[in-house]
Amino acid sequence: MSFLERALARFGVVPGLACGLSLASVACSSSGEPAVSAPAVQETAPQPSAAGETVQAPGDAGRASEAGSSSPAPSAAGASGLPQAGAGVDPVAGAGGTAAPSGGVSYHKDIRPLIESFCVDCHVQGGIGPFPLDSWMAVKAASPTVVGAVVSGIMPPTFWKEDCQKLQDARSLTQAQKQLFTQWKDAGFPEGSELEYKAEPTRIQKDLGAPSIVMQPKEPYTPPANADEYRCFVLDTIQSESYLTGMQILPLQGDEVHHVIVFRVAPAQLMQARQLDDADPAPGYLCSGGAMVPSQNMFSYRPGSEPVTFQAGDAAYMEAGSTLIIQVHFNTVFLSKDKMPSADRTKVQMWTLPEGKLPDRVVYRTTTFGPINLPAGEPHCVSNISYPMTQLSTVSPGGIRMTAMAGAAAPAFIPGEVIGMTPHAHQLAKQMHASLKHADGSSTCLDDVKWDFHWQYDYLFEKGVPYTAGDTFTADCVYDNSAANQPVIDGQRQQPRNVMFGERTIDEMCEHYIWLRFERAAFLKARAGM
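Because the structure is predicted, anything quoted here is derived from the model rather than measured. (Residues numbered from 1 in each chain as written. Predicted model: local features only at pLDDT ≥ 70, side-chain atom pairs only at ≥ 80, totals over all residues. Heavy atoms only, no water.)

A. Molecular detail of the nonpolar core. V418, M421, L446, F461, F473, Y479 and F518 are the most contacted members of the largest nonpolar core, which has 54 residues in total. If we ignore the near neighbours within four places in the chain, the residues touching F461 are W160, Q165, K166, L167, Q168, Q311, V418, I419, G420, M421 and L446. Counting residues in hydrophobic clusters, the runner-up holds 29 residues, among them M215, V257, A316 and F330. (Core = buried A, V, L, I, M, F, W, Y, C linked by side-chain atoms within 4.5 Å. Buried < 20%, exposed > 50% of the residue type's maximum accessible area, 1.4 Å probe, protein only. Contact = heavy atoms within 4.5 Å.)

B. View of the confidence of the model for the protein. Of the residues in the protein, 75% reach a pLDDT of 70 or more, and the chain-wide mean stands at 77. The low-confidence segment residues 1-21 (pLDDT under 50) makes 48 contacts with residues lying over four places distant or belonging to another chain. The low-confidence segment residues 32-96, where pLDDT is below 50, has 233 contacts with residues more than four positions distant or belonging to other chains. (pLDDT = per-residue confidence, 0-100.)

C. Molecular detail of the sheet that holds strand β4 (residues 228-238). Pairing within the open sheet is antiparallel, and its five strands lie in the order β7-β4-β11-β6-β8. Two strands close off the open sheet at either side, each with one partner strand: β7 (285-286) and β8 (296-301). Bridge analysis of strand β6 (residues 257-265) against β8 gives five bridges, and the strand direction is antiparallel. Within β8, the position partnered with F263 by the bridge is N297. (Pairing = 2+ DSSP bridges. Helix = DSSP H or I, 4+ residues; strand = E, 2+ residues; numbered from the N terminus.)

D. Local environment of the environment of I372. Relative to the assigned elements, I372 resides in the loop between β13 (361-369) and β14 (373-374). In this structure, the C-alpha to C-alpha distance between I372 and C477, residues 105 residues apart in sequence, is 9.5 Å.

E. Just the packing of aromatic side chains, in detail. Under the criterion given, the structure shown has nine aromatic pairs. Centroid distance Y107 to W136: 4.9 Å. Interplanar angle 45°. Geometry classified as tilted. Of this pair, Y107 sits in helix α2 (residues 107-118) while W136 is found in helix α3 (residues 136-152), placing the two residues 29 residues apart along the sequence. Residue classification places Y107 among the buried positions, given a relative accessible area of 4%. Residue class for W136 comes out buried when judged on its relative accessible area of 13%. (Phe/Tyr/Trp six-rings, centres within 6.5 Å; stacked < 30°, edge-to-face > 60°.)

F. Representation of the pattern of salt bridges in the model. Per the counting criterion, the structure on display carries twelve salt bridges. Put simply, R264 and E319 hold a salt bridge, and the shortest N to O gap is 3.1 Å. With a gap of 55 residues between them, R264 in strand β6 and E319 in the loop between β10 (314-318) and β11 (322-331) connect regions that are remote in the sequence. Salt bridges sharing partners connect three or more residues here, namely D314, R361, E417 and R517. (Salt bridge = Lys/Arg side-chain N within 4 Å of Asp/Glu carboxyl O.)

G. Seen up close, the state of the cysteines. Counted by the stated rule, this structure contains four disulfides. Two residues share a disulfide in this structure: C28 and C381, whose sulfurs sit 2.0 Å from each other. Here the disulfide of C28 and C381 is right-handed, its torsion about the S-S bond being about 110°. One end of the pair, C28, is in strand β1 (residues 22-28); the other, C381, is in strand β15 (residues 381-388), with 353 residues separating them in the sequence. With its sulfur 2.2 Å from that of its partner, C232 forms a disulfide with C287. Taking the torsion about the sulfur-sulfur bond, which here is approximately 95°, the covalent link between C232 and C287 counts as right-handed. Within this pair, whereas C232 is found in strand β4, its partner C287 is found in the loop between β7 and β8, the two being separated by 55 residues in sequence. Looking at C287, the relative accessible area reads 0%, which means it is buried. In the protein, the cysteines engaged in disulfides, taken in order along the sequence, are linked 1-5, 2-6, 3-4, 7-8. (Disulfide = S-S within 2.5 Å.)

Structure follows, in structure tokens:
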């Protein structure tokens with residue numbers, strides 16, 4: 001029995017069982033042409049535990065592994081994704097620093113606002129960028145590389161197809177903004193006057209103020225050297241009903257932490273989590289399979305992540321008595337040889353509405369996943385999935401769950417809007433797509449991403465996409481398991497092998513996290529069991 005079959009069996013999901021809930025298939029084509037889908041495998045929904053909370057299905061966000069024990073094959077762009085010397089970037093003699101001609105392009109007037117808006121969330125001291133760009137001296141030293149990366153389109157990393165959905169916080173530079181970098185290089189990289197500086201208005205980070213809730217593990221944890229480890233930490237309990245307007249995760253060791261996922265655990269499951277914690281002699285407990293207790297995924301961190309914030313009037317619901325658990329994916333395999341792992345104590349920050357105030361709309365993130373079966377050497381395989389929205393957009397009496405409590409009424413469908421997507425796969429994926437197929441036969445694009453394992457984002461839309469009970473969520477992930485696309489581990493390109501669904505980075509996934517939004521009245525009515 002495969003890993004996926006064992007995991008599915010754990011949750012009562014039997015491939016081939018015709019239940020009419022979700023469809024999934026995998027097809028490969030050696031020619032590289034679009035594959036013809038194999039007969040769909042129908043699967044059941046995740047089953048509730050005896051205590052009534054939904055058990056996470058294998059594809060739920062707790063099983064995502066953002067970066068693991070291997071790295072992609074080197075390319076002309078180098079391991080950092082930035083152009084390297086002799087890698088197709090026009091060489092420029094030396095770095096700049098001349099005074100700008102009157103009215104000409106300069107660092108302070110034209111380049112600094114763009115770098116601060118699009119680059120320094122990663123390119124700061126201790127960040128995941130290979131060098132800082134948070135000062136004139138730092139930019140001056142790297143100016144040829146910066147211009148080459150921007151003009152070539154390598155940086156800032158932009159993988160979203162812009163004609164799919166317009167995003168709230170698009171990371172792409174316009175052609176006119178890219179041209180400023182070229183003009184700056186042609187002028188000799190002038191610094192100009194700091195008096196000319198004005199912040200770029202298009203991507204100024206929101207001032208969220210002081211967070212309402214701050215949580216951390218009770219003690220720090222130092223991961224082992226050369227390790228690829230998932231560890232969970234039980235945080236605090238939220239005593240009163242809350243509506244979250246913003247969420248942020250801040251790892252202490254950005255070069256060791258490759259993902260963090262926040263789970264909500266109901267009071268009935270807290271004792272089970274405490275027992276797992278007590279049984280592990282180290283801080284926290286090992287948890288490669290999500291939080292290892294019935295739980296709900298709330299939000300997550302990936303390299304380059306920014307705070308998750310919603311539009312005015314929107315907030316994510318948090319039940320009173322909820323305890324948070326964070327799953328931290330530590331990867332110390334790629335630390336420099338002269339550096340030992342350091343103690344981490346990842347911080348979770350949340351902003352909430354004032355007590356007693358209700359949002360106009362309630363936000364919730366759900367998950368879909370597809371089967372994986374990639375034969376060794378196959379250059380083109382596709383995993384297809386399909387879920388009716390009546391399965392994904394539901395609320396049970398007492399709160400949001402994918403399935404009802406044992407013995408309780410079935411969860412109620414709530415019409416709403418898709419307001420964002422968070423696709424996830426590992427290192428063999430090349431493209432990811434998702435659409436909403438409407439009852440009238442039309443469809444709306446929800447995500448269209450050129451996949452890059454090292455750049456994973458929450459994509460929140462400027463406008464929501466409405467859905468009804470007759471609509472269906474469909475998605476696919478495209479993979480290349482050929483010899484040329486294998487990861488490199490310890491300097492050696494790996495040989496192709498059969499790849500299945502799994503949590504390790506050398507396994508694969510096809511996940512699409514869907515951000516849903518309900519009207520407050522509909523949510524409260526369903527939560528009350530009316």
